[in-house]
Amino acid sequence: MKGKVIIITGASSGIGMSCAFEFSKLGANLMLVARSEKKLIEISEEINKKGGNSIFSVTDVSIELECNEMVQQTISFFGKIDILINNAGISMRSIFNELNLSVFEKVMKVNFWGAVYCTKYALPHILKTKGSIVGVSSIAGHKGLPGRSAYSASKFALQGFLESLRIENLKNNLHVLIICPGFTSSNIRKKALQGDGLEQGESPRAEQKMMSSEEVALHMIRAVNNKKNNLVLTSNGKLTVFLNKFFPKLVDKLVFNHMSKEPGSPF
């Protein structure tokens, strides 16, 4: 990773922030992307004080123009792009019948369109370096989760987009990695949108029992180095994906029962 130029979206917390620190340790040059200027300043300064090299861009990935400007800023400063990590994302929790469609649209804009916009403008530069595009998806991109219809839809769409992109560029030496963490300890559930669009506030799950974002970042680094196409994390995540191939109806019931046990579950 030494000398590589890496764009990380959603870099102000969780998996994105952990990726920033871990890639920096390996000598990468970083463009940190998020909406929170305060958090980006703090993270970038900490990385640079430790001898790393990072800049940041306050960008809302759901806005195409801002994504284009961020990519141009990266090229202006570093001169190239080697890796794009599409990590920015938001979640939601509500049964579809009670979900305001504006929430559905917002989740799709950030999780899916944000990746499309960033990839569109970064791709020509990444093709020049024969680099990598990474999409942080979810087990919810393999199995629809009840109460997470918009989130699952966005992740299914993300995976279809990235698979198409990979196949289109088989002869161009473009590496495309789709990583599907299981439940990971982060702020995503605290910031998750309810049916009315308000933030959930508190996570309904035991965050301390989940895989850490640092572990996810280390798995991602290994997968990028090894040019892997797909990476599914956690034993429960791997089991869910495997069983769903052969026993989808059984997994429907297992997933429903599991999600129903969340505090405040709508089921």
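Preceding this paragraph is the structure being described.
Residues numbered from 1 in each chain as written. Predicted model: local features only at pLDDT ≥ 70, side-chain atom pairs only at ≥ 80, totals over all residues. Heavy atoms only, no water.

Hey, could you run me through helix α8 (residues 248–260) in this one?
Working note: α-helix, 3.6 residues per turn, so residues spaced by three or four point in the same direction. With 13 residues, α8 extends 18 Å between its outermost C-alpha atoms, agreeing within 8% with the 18 Å of an ideal straight helix rising 1.5 Å per residue. Along α8, the residues that are buried comprise V251, V255 and M259. One side of α8 carries all its buried residues, which in axial view fall inside an arc of 60°. Residues of α8 that are exposed and point more than 90 degrees away from the buried face comprise K249 and K253. (Helix = DSSP H or I, 4+ residues; strand = E, 2+ residues; numbered from the N terminus. Expected span 1.5 Å × (residues − 1). Buried < 20%, exposed > 50% of the residue type's maximum accessible area, 1.4 Å probe, protein only. Arc of directions from axis to C-beta.)

Explain the pattern of salt bridges here, please?
A side chain of one charge can pair with a side chain of the opposite charge when the charged atoms of the two come close. The final tally for this structure, using the stated rule, is four salt bridges. A salt bridge links K50 to E46, with the shortest nitrogen-to-oxygen separation between them at 3.2 Å. Residue K143 pairs with D252 through a salt bridge whose shortest N-O separation is 2.5 Å. With K143 in the loop between β6 (132–136) and α5 (149–168) and D252 in helix α8, this residue pair connects regions lying 109 residues apart in the sequence. Judged by its relative accessible area of 9%, K143 falls in the buried class. With a relative accessible area of 42%, D252 lands in the partly exposed category. (Salt bridge = Lys/Arg side-chain N within 4 Å of Asp/Glu carboxyl O.)

Please clarify how the side chain of Q159 should be interpreted in this entry.
With respect to the secondary-structure elements, Q159 resides in helix α5. The buried category is assigned to Q159, whose relative accessible area is 7%. Within the structure, the side chain of Q159 is placed 2.6 Å from the side chain of S137, a separation counted as a polar contact. Excluding anything up to four places from it in sequence, Q159 contacts S137, S138, G141, H142, I178 and C180. (Polar contact = N/O pair within 3.5 Å; in protein donor to acceptor, adjacent residues only side chain to side chain. Contact = heavy atoms within 4.5 Å.)

Even after reading the chapter, I still don't get helix α2 (residues 37–49), so can you show me in this structure?
Helix length check: α2, at 13 residues, gives a terminal C-alpha distance of 18 Å against a target of 18 Å (1.5 Å per residue), a fit within 8%. For α2, the complete set of buried residues consists of L40, I43, S44 and I47. Summarising the axial view, the buried residues of α2 lie within an arc of 95°, below the 170-degree limit, and thus occupy one face. For α2, exposure combined with an orientation more than 90 degrees from the buried face picks out K38 and K49.

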